[in-house]
Amino acid sequence: MANLYESDDFNIVSVHEITNVDVNPDGTSDTYTNLLIKVQRLPLDQYPDLTDVFIFSNELSSSASKDDFLSAAPSLIASKLRDFDSTFTGEEADLIATDSLTQKFTD
């Protein structure tokens, strides 16, 4: 499958919807559908593994069109990668399995 987006710094490999439920102190709950983006950072020899990046529903709606996503997501992802790099401790992160998630923008 072709990348959804390509740049000199990273490629967007896939986008998945992931549902999170927050339980409030009063016992009620709030459900959010966020986006899990599988990103291949570049250059490959420096970043051989995919990176999971989350875009939360308050940053970009999971119901955004592909065009709206591609308009907004690259700058959000770039910012999140800079934040990640500035706090990186050297500990390797486990990637989230996407088998049970809904993939977006598959056309």
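Refer to the preceding data block for the structure.
Nothing here was measured: the structure is a model prediction, and the numbers come from that model. (Residues numbered from 1 in each chain as written. Predicted model: local features only at pLDDT ≥ 70, side-chain atom pairs only at ≥ 80, totals over all residues. Heavy atoms only, no water.)

Peer 1: Explanation requested: the overall build of the protein chain in the structure shown.
Peer 2: The number of helices and strands found in the protein chain is 1 helix and 5 strands. The order of α-helices and β-strands along the protein chain, N terminus first, is β-β-β-β-α-β. Oriented by its inertia axes, the alpha-carbon framework of the protein chain measures out at about 50 × 35 × 25 Å. The burial tally for the protein chain puts 30% of its 107 residues in the buried class. (Helix = DSSP H or I, 4+ residues; strand = E, 2+ residues; numbered from the N terminus. Buried < 20%, exposed > 50% of the residue type's maximum accessible area, 1.4 Å probe, protein only.)

Peer 1: I tried to follow the pairing of strand S3 (residues 29-41) on my own but got confused; where do I start?
Peer 2: Along a regular strand, successive side chains alternate from one face of the sheet to the other. Relative to S3, strand S2 (residues 10-23) runs antiparallel, the two being bridged by 13 bridges. Opposite Val 15, over in S3, you have Ile 37 as the bridge partner. Where S2 hands over to S3, the hairpin turn is made up of 5 residues, of which Gly 27 adopts a positive phi near 95°. (Pairing = 2+ DSSP bridges.)

Peer 1: Could you clarify how one ought to interpret the layout of surface pockets in this entry?
Peer 2: Vacant regions in the atomic arrangement are exposed by a probe of water-molecule size rolled over the atoms. Here the largest pocket is characterised by a volume of approximately 470 Å³. Along the walls of the largest pocket sit 18 residues, with Leu 50, Thr 51, Phe 84, Phe 88 and Ala 93 positioned nearest its centre. The set of elements that each furnish at least two residues to the lining of the largest pocket consists of strand S4 (50-55) and helix H1 (66-87). If one sorts the elements of the lining of the largest pocket by residue count, S4 sits on top with 4 residues. Classifying every residue of the lining of the largest pocket by side-chain character gives 9 nonpolar, 2 polar and 7 charged. (1 Å grid on protein atoms, 1.4 Å probe; cavity = no way out; pocket = protein on both sides within 12 Å on 5 of 7 lines; lining within 4 Å. Points joined across faces, edges and corners; volume = space filled by probe spheres on them. Nonpolar A, V, L, I, M, F, W, Y, C, P; charged D, E, K, R; others polar.)

Peer 1: What is the right way to read the pattern of salt bridges from this model?
Peer 2: Side chains bearing opposite charge may pair, as long as their charged atoms lie close to each other. If you walk through the whole model with that rule in mind, you get 4 salt bridges. For the salt bridge of Glu 17 with Lys 104, the shortest nitrogen-to-oxygen distance reads 3.6 Å. Taken together, the positions of Glu 17 in strand S2 and Lys 104 in strand S5 (residues 102-104) put the pair 87 residues apart, joining distant regions of the chain. With relative accessibility at 14%, the residue Lys 104 sits in the buried group. One salt bridge in this structure joins Glu 59 and Lys 80, with 3.1 Å as the shortest N-O distance. (Salt bridge = Lys/Arg side-chain N within 4 Å of Asp/Glu carboxyl O.)

Peer 1: Honestly, the packing of aromatic side chains in this entry has me stumped. Any pointers?
Peer 2: Each aromatic ring pair is specified by the distance between its two centres and by the angle formed by the two planes. Following the criterion strictly, the structure yields 4 aromatic pairs and no others. Between the aromatic rings of Tyr 5 and Phe 10, the centroid separation amounts to 5.8 Å while the plane-to-plane angle is 35°, which identifies the pairing as tilted. By relative accessible area, which is 4% here, Phe 10 ends up buried. In this structure, Arg 41 is placed above the aromatic ring of Tyr 47, and the distance from its NZ or CZ to the ring centre is 4.3 Å. (Phe/Tyr/Trp six-rings, centres within 6.5 Å; stacked < 30°, edge-to-face > 60°. Lys NZ or Arg CZ within 6 Å of the ring centre and 35° of its normal.)

Peer 1: How do you make sense of the side chain of Gln 40 when you look at a structure like this?
Peer 2: Note on placement: Gln 40 falls in strand S3. For Gln 40, a relative accessible area of 11% translates into the label buried. At 2.6 Å, the side chain of Gln 40 forms a polar contact with the backbone oxygen of Tyr 47. (Polar contact = N/O pair within 3.5 Å; in protein donor to acceptor, adjacent residues only side chain to side chain.)

Take it as geometry only, folks, not as evidence of what the structure does.
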